[in-house]
Amino acid sequence: MFKKKFHAKTQRHKEKPFETRQRLASLRLCVSIFLCFLCLTSCKREQRQFSSPPSTFKSYDVTMSDIHPGSPGMPQPVQNPSDQRAFDTNEGKRLFTQYNCSGCHFNGGGGIGPPLMDEKWIYGENPENIYSTIVEGRPNGMPSFRQKIPDNQVQQLVAYVRSMSGQLRKDVAPTRNDSMNARRSEQRTERETPRRSSPPPQ
Amino acid sequence: MIETRNTTLKICAALSFVLCCTSCGGIHNALNPTGPQAQNLSRLWWLFFIVCSVVFVLVMIALLLSLRNRTGEPQVATAPVIEPPAEQERKRRNVVISAVTITVIILFVFLIASYSAGRSMTAELEHKNGLNIELTGHQWWWEVRYDDVDASNIFTTANEIHIPVGVPVTFSLKAADVIHSFWVPNLAGKKDLIPGKINTIWLQADKPGVYRGQCAEYCGLQHARMALWIVAEPQEQFNAWRQNQTQTSVTPASDSQKRGQQVFLTSTCVMCHAINGTPAGSNIGPNLTHVASRNMIAAATVVNTREHLAQWIIDSQQYKPGNKMPQNNLSDADLQSLVEYLQSLK
Amino acid sequence: MSHEEAQRKPQRIEIDQEELEATMRREREELERTWARPTGLRGWFTDTDHKSIAKRYIVTAFVFFIFGGIEAALMRIQLMRPDSHFLSPDQYNQIFTVHGTTMMFLFAVPIMTAMGIYFVPLMVGARDVAFPRVNLYGYFVYLIGGILLYTGFLLNTGPDAGWFAYVPLSGPAYSPGKRVDIWAQMITFTEISALAGAVVVIGTAFKMRAPGMTLNRLPLFVWAQVVTSFMIIFAMPSVMLASGFLASDRLIDTHFFNPAEGGDAILYQHLFWFFGHPEVYIIFIPALGFISPIIVTFARRKLFGYVALVLSLISTGFIGFGLWVHHMFATPIPQMGQSLFTAASMMIAIPSGVQIFCWIATLWGGKLNIKTPLLFVLGFFAIFILGGLTGVMLASVPLDLQIHDTFFVVAHLHYVLIGGSVFPLFGAFYYWFPKWTGRMLSERAGRWNFWLMFIGFNLVFFPMHQLGLNGMPRRVYTYLPETGWGTLNMIASLGAFILAGGVLVFVINVIWARYAGAVAGDNPWAADSLEWATTSPPPNYNFHNLPVVQGRYPIWQATADAPVVRGLSTTKRETLVTSVMDAQPELRFDIPGPSIWPSLVALSTAVMFIAGIFTPWAILIGAILAGIALTCWFFGDPNYENKTARETGERSEHVGPAPELRPKEV
C-alpha cells in the first residue's frame, strides 16, 4: 500500500513540477533584473536623513588658485552627500527661496549678485567652494551665514546651487516648483561646463 | 515664581485635556457638540444612525429567519426548484416591492434632512461681520492671522486660536504648500485648505473651553502631528488676549533674558521665526512674538514647558522627524537663556 | 443536410453505439492535440489558454493580497499604542500608500477580472475567450506593473503620497525623487491590463455564447462581468489622464496642477475620482456576480427577480459614474453642486437594496444547505449592508464634513470592500476550487476560515467607526495618548491578527486540498450553470460538444435529448460565434493560438513606461518597439504555434457530421 501511495504521490508531483520550477525561475529572473536596474540609482537617491550630527559651522580648507609652488598636494575632493539625494536637493530649493537667496541671485539669473545658473564660477564650483561661500561669505556682498544656517541645510543648498547649472544627475535634481516658474526646472537644465571667472568689477 | 505657576497651569490644562478625552465625550469628539454647526451635524448624525440601525437590524432578522428552512446534508443533493409556487412568489414580490419603496422613502428623508442641514450651515456665511480669521496651512503648522478693518488690530500667531464665546467666527482657509484640512470636531465639520483657492467656514462656540482639532488631509511626513487648539473664552477675556497679541514683544528684563534675545538674533532662529519689535522678521516658521502665551508648541502636540521647549529647540527631529525645523547646536548656557527669553514672551 | 431540413423536427435515427464511442474518442484525442498548451519556460510566455492565464492572475493577485495584508499588519502594530516607534513616519507613509495601492490596483481588480476570464467562456459555452492573445498581454502588463511597485517599495522608492496621491503633495515640489513616478507609471500598467481584460470579457460574453443562451438567459455572473467591463472601459481613461498629467508635471515641467501657472489642484481630484468611484464598483459588482450562483446552488431554487437583479447591476454601473464628487465635499465646490452628488450617492443604494432583497427572498424560498460558500455569502450580507448604510451617511454633505478623512471612512471602505468583495470572493474560492483543481476544499477548515475572518474583521473595523467620530483622522502614523484613542486602536490591532489567522487557515486549506482533498467530479454541488457541465478541471477545449442552452439554469433545465453543437473542427482551434441578442449561430471563428508576441509587446510597453520614469525619450523609443512588436503580432498566422494539425496533415474538409455518424435511414 505504501508503494501505491508513494507512486501516486510522485505521479501527482510529476504532473507539473517542471512548469512550476520554470515559473518560479522566470519570476526570480524578472525580479533580479529589476532589482539590479533600480538598485544602481535608487538606493541613495531616496534617502531621507532627518537627524544629522551637531552643526560645527566650519567650512572646508579650499584653495582659491590653481597655481602653486612645488608639486601639487594630493587633491582632497569633498563629496557632498546631498548631491545624490533628491530629497536634499528639493529641500535646498525650498531653502533657497525661504532664506531669500533670490533676493540677490533672483531665480539663478543674478542681478545684485552673480548668476548661479551659468558656467562662470568666481569662487569655484566644487561643493567645498560653494560651502565656504555660504558659510564664510565673500567680498563684494555675499553675506556670511555662519551660525545662521545649520550644516546639513548648507549641504542641501550647495547641492541645489550646483543643480541650477545642471551639475547634478537628472534624476536627483529638483523638478519644477509649485509657484510661478521663472525658468526651466533644474532637472531639465543642460549641464554647463564650469569655468573660473573673475570677481565683478568694483 | 511666575514661571512655575505658568508651567503648573499648563500642565493642569494638559491634564484636564487628558481627563476630558478619556471620558465618553472628549474635547475632540464630533458627538460632543458645543457650537451650532456641530449641533446641527450631531442631530443629523443621530437621525441617520437610528434609522440605519433599525434598517440593519430588520434586514439581519430577515436574513436569519431565511435560514430556518435548511438541511445539514453533507452532499448538496436536494432537487432544485425551477418553478416555485406562484402564490408564494407573489407574496415575496410584494414584500420586496414594499421594502424597496420604504428604502426610497427613507433615502428621500435623508436627502431632505441633509440638504436643509447643509443650507443652514452655509447660509450664514454671507452675513457674518463677527470675527474674521485667516488660517493658512503649512507643512506642518497653522498660521493664524486675525483680520480687522483697523490695521493696528491685525496680528499673526500660530496653532492656537482664541475666540469669544457665542460669536460667529469666519475662517478664510488658505494653504501655503499642500492640501490640509481644518477640523475641530466639537465645533464644526471640516474644510480643506487648497493651494490656489480660498475656502470659507464659519463656526461658533457656545461654551467656554478648549477644543482640539487636527489636520484631516494627509499632508506629508508629519500630518499626524499637525494639531491646533481653539480656546473659547468669554468676551472680556478674549478682548484682553487679543489686546495682548497686538502688542509688540516683551522687552527682555533680566540679564538672562537679554542674553537669550541675543542668542535668538545671532543663531539659526532668526532665519525662520519673527518676533515683533526685534530685527527678526522671517515668516517661514510660526510667529514667536507671544509664544509663551500658548499652551502647546509643535502644532499643539507638546505642552509648552521649559523642558519641552529646550528639547524642541535642540532636537525637534527626535519628536517630529521630518519637520522643517533643523536641529540646533547650542551650549547649555545659551540654551537656558534662550528658553528664559522665549518663556518671557507672553 | 440543408438548413430547411435541419429545422424540421428531427427524425429518430439508429446510431451504432460502438461507432459513436469510437468517434467521440477520436475527436477527443484530436481536440487534445489541437488545443494542447505549450509547456515549460516557453509555455509560460506563449500559452494563451484562458484558464491558465486566469489561474496565473488569481495566484499573482492572491500573493499581492498577502503582501497588502502584511502591510496592514505592520500598520496595525504601529497604531496599537500611542507614540509608538515601531515604524518611522517615512516608513509608515510608504506602507499605507503601498497597502492601498496593492489592494486596489494589484489585488482587487485583477482577481475579479481573472474570475471573469476563467468562467465567462465556460458559463456561456465557448471554447476560449474572444481574444486570447490580448488576454496574455494583459496578464504580463499587470505582472510587470506589480513587480515595478514592489521593487520600488523594497528599495525605499515606494510611493508615499497615499493610494490616490493628491497633488500638490504628490506633485514635483513636495514629493521629491522617483517615488510617486513609480506609482503613476504602475497605474498605467494596471489600467492597460484591466482594459485588456474588459475587452476580452465583453467580446466573449456578447459574441461567443452557446446557441440558445439568449441575453435573457445569461447567468448573473456573466452579467456582472459585462457591466464591470463596460465600467472599466469608461473609467480607466480618466485615471490614465490623471496619472499621465501627474507624471508629465513631474518629468517635463507641465503645469496641469500648478495653480500659479493656471493649473488647478482640484482638477486632479476630479480626474482621479471620476475613475476612483467607478473603481470601487468595478471591484464590487463582480462579487455580486459570485453571490447569485452561490445562492442559487445552495438554496436549490431559481433566483427571485432575475430581471430586477440584472437591471440593478446595470443601473449600479451607470449611477456609479455620477458619484465622484462625494470624495470632494470638503473642497470649495458650490453647495448646490455637491448636493446633486448627495442625491446620486443615496440613489445608488436603491439598486443595491433591490439586489439584497431579491437574494433574501430567494433564500426564504429555498431549502438551504449551508456549506462554506453560502456561509461567506451570509457574511457578505452582514458586513456589506452595514458598510452600505455607513455609505449613505457619508453621502450626506454636512455629515460627511465631520467624518470625511477619518477612521470612519476607513471603517466604511473596508466594510464595503472586504464585506462586499473579499467575502464573496472567498465564497467563490470555496465554490469553484473543485472546478479549478478537481478536489474539494475542507469544509471544516472552511468554517474555521469563515469565523476567524468574520470575527477578526469586525474586531478590526467596527471600533474604527467610533475612532472616526472621536476625531482620529486618516493616515496618521501615531497619535497622542491624551486623545484617548489608544483602547480602540488596541482592539483593532488584536482583531487584525485574528483576521490574518483566518487567511492563514485558507492558505493551509488550499495547500492541503491540492493533494489530499476529496475528488470532486464534474458537478459536486449539483449546480446549474454550464461550467459544471464539463470535467473538473475542464479540458483545454472546455467542452467536447458545445451545449445548446434551454433555459436560465442550463443543467437543471436540460432535457434528456438536449441538443449539442456538432461540426466544429477538431483539427484547428475553432469556436462558434453567435448573435448578440439571441445567440443564433453566425459563423465559425478561428481562435488565435499560443504566440510569443503578446509577451514581447508587454515587454516593450514595460520599457516605455518604466524608462519613462527617468526620461521622456523612453516613450518614443518604447512606442517604436511596441509598434514593431504589434505589427508582428497582427500579421502573424493565428494558428502559428499550432503545428500539430499541420504536421499530421489532418484537416477537416467538410463541415457536416463525420461519415460514421451520418444517419442511416430507418
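Here the structure is shown first, and the text comes after it.
Cut-offs and rules
- Residues numbered from 1 in each chain as written.
- Chains lettered and ligands numbered in written order.
- Predicted model: local features only at pLDDT ≥ 70, side-chain atom pairs only at ≥ 80, totals over all residues.
- Heavy atoms only, no water.
- Helix = DSSP H or I, 4+ residues; strand = E, 2+ residues; numbered from the N terminus.
- Buried < 20%, exposed > 50% of the residue type's maximum accessible area, 1.4 Å probe, protein only.
- Contact = heavy atoms within 4.5 Å.
- Areas by Shrake-Rupley, 256 points an atom, 1.4 Å probe, with all protein chains shown as cover.
- Buried area = accessible area lost by both parts, 1.4 Å probe.
- Salt bridge = Lys/Arg side-chain N within 4 Å of Asp/Glu carboxyl O.
- Polar contact = N/O pair within 3.5 Å; in protein donor to acceptor, adjacent residues only side chain to side chain.
- Patch = residues over 30% accessible without salt bridge, like charges linked within 9 Å, V, L, I, M, F, W, Y side chains within 5 Å.
- Lys, Arg positive; Asp, Glu negative; His and termini not counted.
- Charge placed at Lys NZ, Arg CZ, Asp CG, Glu CD.
- Pairing = 2+ DSSP bridges.
- 1 Å grid on protein atoms, 1.4 Å probe; cavity = no way out; pocket = protein on both sides within 12 Å on 5 of 7 lines; lining within 4 Å.
- Points joined across faces, edges and corners; volume = space filled by probe spheres on them.
- Nonpolar A, V, L, I, M, F, W, Y, C, P; charged D, E, K, R; others polar.
- Expected span 1.5 Å × (residues − 1).

Enquirer: Quick question: what am I supposed to make of the overall build of chain A here?
Expert: Tallying secondary structure elements over chain A gives six helices and two strands in all. In chain A, the succession of helices and strands from N to C terminus is α-α-α-α-β-α-α-β. Buried residues in chain A amount to 41% of all 202 residues. Long-range pairs, those at least 24 residues apart, make up 68% of the contacts in chain A between residues at least 6 apart in sequence. Surface summary for chain A: the accessible area is close to 11900 Å², and the carbon and sulfur share equals 59%.

Enquirer: What is the right way to read the interface of chain B and chain C from this model?
Expert: Taken together, the 90 residues of chain B in the interface contact 91 residues of chain C. For the pair chain B and chain C, the two sides together bury roughly 7700 Å², of which 68% comes from carbon and sulfur. Here chain B is connected to chain C by three salt bridges. Arg225(B) is the partner of Asp83(C) in a salt bridge, and the nearest nitrogen-oxygen pair spans 3.2 Å. Put simply, chain B and chain C have 28 residue pairs in polar contact (both at pLDDT 80 or more) between them.

Enquirer: Which parts of the structure should I look at to understand a negative patch on the surface?
Expert: On the surface, a cluster of negative charge is made up of Asp16(C), Glu18(C), Glu19(C) and Glu21(C). Checked against the element boundaries, Asp16(C) lands in the loop between helix H1 (3–7) and helix H2 (17–34).

Enquirer: Sorry if this is basic, but what is going on with the pairing of strand S3 (residues 141–147) of chain B here?
Expert: On a regular strand, one side chain projects to one face of the sheet and the next to the other, so that they alternate. Residues and elements named next belong to chain B. Direction of pairing for strand S2 (residues 131–138) relative to S3: antiparallel, over a ladder of seven bridges. When the sheet's bridge partners are listed, leucine 135 is paired in S3 with valine 144. The hairpin turn running from S2 into S3, its antiparallel successor, is two residues long. As paired strands, S3 and strand S4 (residues 155–158) are joined by four bridges and run antiparallel to one another. Among the inter-strand pairings, arginine 145 is bridged to a residue of S4, identified as threonine 156.

Enquirer: Explain empty space enclosed by the protein to me, please; I cannot follow it from the model alone.
Expert: To find leftover empty space, a probe the size of one water molecule is rolled over the atoms. Counting across every chain of the model gives 17 cavities of 30 Å³ or more. A volume near 170 Å³ is recorded for the largest cavity. Lining the largest cavity are 16 residues, and of these Glu91(A), Asn152(A), Gln156(A), Gln317(B) and Asn323(B) lie nearest its centre. Going through the elements one at a time, helix H3 (86–98) and helix H6 (151–164) of chain A are the ones with two or more residues in the lining of the largest cavity. Tallied by class, residues from the lining of the largest cavity come to four nonpolar, nine polar and three charged.

Enquirer: In this structure, what is going on with a nonpolar patch on the surface? I would like to understand it.
Expert: Among the surface-exposed residues, Trp46(B), Phe49(B), Ile50(B), Val54(B), Val57(B), Leu58(B), Ile61(B), Leu65(B) and Trp364(C) lie close enough to one another that they form a single nonpolar patch of about 810 Å² accessible area. Here the element with the most residues in the nonpolar patch is helix H2 (residues 36–65) of chain B; it accounts for eight residues. Position of Ile50(B) among the secondary structure elements: in helix H2.

Enquirer: Would you explain the side chain of Gln78(C) in this entry?
Expert: Residue and element names in this part refer to chain C. Mapped onto the elements, glutamine 78 comes out in helix H4 (residues 50–79). A relative accessible area of 0% means that glutamine 78 is categorised as buried. Separated by 3.2 Å, the side chain of glutamine 78 and the backbone nitrogen of phenylalanine 86 make a polar contact.

Enquirer: Can you walk me through the pattern of salt bridges in this structure?
Expert: Pairing of side chains with opposite charge becomes possible as their charged atoms draw close. What the rule picks out here adds up to 38 salt bridges over all chains. Between Arg162(A) and Asp83(A) there is a salt bridge, and its shortest N-O distance comes to 3.1 Å. Separated by 79 residues along the polypeptide, Arg162(A) in helix H6 and Asp83(A) in the loop between helix H2 (17–45) and H3 bring together distant segments of the chain. For Arg179(C), the salt bridge goes to Asp90(C), with nearest N and O atoms at 2.9 Å. One end of the pair, Arg179(C), is in helix H7 (residues 179–207); the other, Asp90(C), is in helix H5 (residues 89–124), and 89 residues separate them in sequence. The same class applies to Arg179(C) and to Asp90(C), which are both buried. What you see here is one network of salt bridges that share partners, running through Arg45(A), Glu46(A), Arg48(A), Arg169(A), Asp171(A), Asp90(C), Asp160(C) and Arg179(C).

Enquirer: Sorry, what's going on with helix H19 (residues 597–611) of chain C here?
Expert: Because each turn of an α-helix spans 3.6 residues, side chains separated by three or four positions in sequence point in the same direction. Taking 1.5 Å as the rise per residue, H19(C) with 15 residues should run 21 Å; its terminal C-alpha atoms sit 21 Å apart, in good agreement. Those residues of H19(C) lying buried are Pro598(C), Ser599(C), Val601(C), Ala602(C), Ser604(C), Thr605(C), Ala606(C), Met608(C), Phe609(C) and Ile610(C).

In short, the description is geometric, and any link to function would need to be established separately.
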